[in-house]
Amino acid sequence: MRPAALLALLGLVDAAFSGFRAYAGRDARIRKQRAIARAALRGLAVGAVALLAPVLAASCLLLATPDPARTYAALTAGAIGYLLPLAGYAVVVMLSLAAYFWLPFRAGTLAMVVGLGPLTLLRPLAVAAACTGAVLNGGGGRSLLVGVVAGAAVLCVGPAVHRRWYSTVQ
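Quantities reported herein were computed from a predicted structural model and do not represent experimental measurements. (Residues numbered from 1 in each chain as written. Predicted model: local features only at pLDDT ≥ 70, side-chain atom pairs only at ≥ 80, totals over all residues. Heavy atoms only, no water.)

A. Examining the overall build of the chain more closely. In terms of regular secondary structure, the chain is built from six helices and zero strands. Traced from its N-terminal end to its C-terminal end, the chain shows the element sequence α-α-α-α-α-α. Radius of gyration (C-alpha) of the chain: 17 Å, near the 15 Å computed for a compact globule of 170 residues. Overall, the chain is about 60 × 30 × 25 Å in size when its C-alpha atoms are taken along their principal axes. Considering only contacts within the chain whose residues lie at least 6 apart along the sequence, 76% involve residues at least 24 apart. Summed over its atoms, the accessible surface of the chain is roughly 10,000 Å², and 73% of this surface lies on carbon and sulfur atoms. (Helix = DSSP H or I, 4+ residues; strand = E, 2+ residues; numbered from the N terminus. Rg over C-alpha atoms; globule rule 2.2 N^0.38 Å. Contact = heavy atoms within 4.5 Å. Areas by Shrake-Rupley, 256 points an atom, 1.4 Å probe, with all protein chains shown as cover.)

In structure tokens form, the structure reads like this:
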């Protein structure tokens, strides 16, 4: 599988979780699986639209360059470098989410407060590390540009979902 496809999949999963984060803690009902699923789908929809921005940026770079093969190789190297830091971050987030969903209520709440809370705050640092990885892996400025656009798109999903659907929820 190409690194761009893995990054797109990771971005879509992150978008679904951004929708969940925008909703989490805003509803006192005990059984709220349907509302959580709806919030995740909202995040997924917003993320799918937002992730068109890096696709457009990469496409424009490929169409505007005199040497598309070299640009494609640089973007691929940058995508691999971008993926490595995000994969480590994603594993830690998945472990914390698994603890939240499958542990008893108190332990799951602790996993949310100790794990997912700080990890949410570290998302911009994970994106910055991914952009650094894209450059260091040989992607150069082109990969950095696409990486910054992708990072901005992913980081905007949660606030967009919150503002659109959950800003009036107290």
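The discussion continues.
B. Region of the structure containing the packing of helix 2 (residues 33-50) against helix 3 (residues 52-64). Contact pair helix 2 / helix 3: the axes reach a minimum separation of 4 Å and the direction vectors enclose 15°. It follows that helix 2 is roughly parallel to helix 3 by the angle criterion. Contacts between helix 2 and helix 3 involve Ala48, Val49 and Ala50 on the former and, on the latter, Leu52, Ala53 and Pro54. Class assignment of the residues belonging to the contact of helix 2 with helix 3 gives a composition of six nonpolar, no polar and no charged. (Axes fitted to C-alpha atoms, helices over the stretch in contact; angles between N-to-C directions. Parallel < 35°, antiparallel > 145°, perpendicular 65-115°, else oblique. Nonpolar A, V, L, I, M, F, W, Y, C, P; charged D, E, K, R; others polar.)

C. Focus on the nonpolar core. Grouped together as the largest cluster of nonpolar side chains are 26 residues, with contacts concentrated most on Leu7, Tyr23, Tyr82, Leu86, Val93 and Tyr166. When residues of this core are traced back to their parent elements, those giving at least two are helix 1 (3-23), helix 2, helix 4 (68-102), helix 5 (105-121) and helix 6 (123-166). If you tally residues by element for this core, the top one is helix 6, at nine residues. (Core = buried A, V, L, I, M, F, W, Y, C linked by side-chain atoms within 4.5 Å. Buried < 20%, exposed > 50% of the residue type's maximum accessible area, 1.4 Å probe, protein only.)

D. Main features of the pattern of salt bridges. According to the stated counting rule, one finds one salt bridge in the structure shown. Ionic pairing is found between Asp14 and Arg123, a salt bridge with its closest N-O pair at 2.5 Å. A residue pair is termed long-range when its members are at least 10 positions apart, and Asp14 in helix 1 and Arg123 in helix 6 qualify at 109 residues. Accessibility classification places Asp14 together with Arg123 in one group, the buried group. (Salt bridge = Lys/Arg side-chain N within 4 Å of Asp/Glu carboxyl O.)

E. Looking closely at helix 5. Here helix 5 spans 23 Å end to end across 17 residues, near enough to the 24 Å set by a 1.5 Å rise per residue. The largest bend along helix 5 reaches roughly 30° and is located at Met112. Along helix 5, the residues classified as buried are Gly108, Ala111, Gly115, Leu116 and Leu119. Its buried side turned inward, helix 5 meets helix 4 and helix 6. (Expected span 1.5 Å × (residues − 1). Bend = angle between axes of the 7 residues up to and from the residue.)

F. Expanded view of a nonpolar patch on the surface. Judged by side-chain polarity, Leu110, Val113 and Val114 come together as a nonpolar surface patch covering roughly 300 Å² of accessible area. Judged by its relative accessible area of 55%, Val113 falls in the exposed class. (Patch = residues over 30% accessible without salt bridge, like charges linked within 9 Å, V, L, I, M, F, W, Y side chains within 5 Å.)

G. Structural context of the packing of aromatic side chains. Tallied over the full model, the rule gives four aromatic pairs. Ring geometry for Phe20 versus Tyr100: centroids 6.0 Å apart, planes at 55°, classification tilted. In this pair, Phe20 is assigned in helix 1 and Tyr100 in helix 4, connecting sequence segments 80 residues apart. Relative to Tyr166, the ring of Tyr23 has its centre 5.5 Å away and its plane inclined at 55°; by these criteria the two rings are tilted. (Phe/Tyr/Trp six-rings, centres within 6.5 Å; stacked < 30°, edge-to-face > 60°.)

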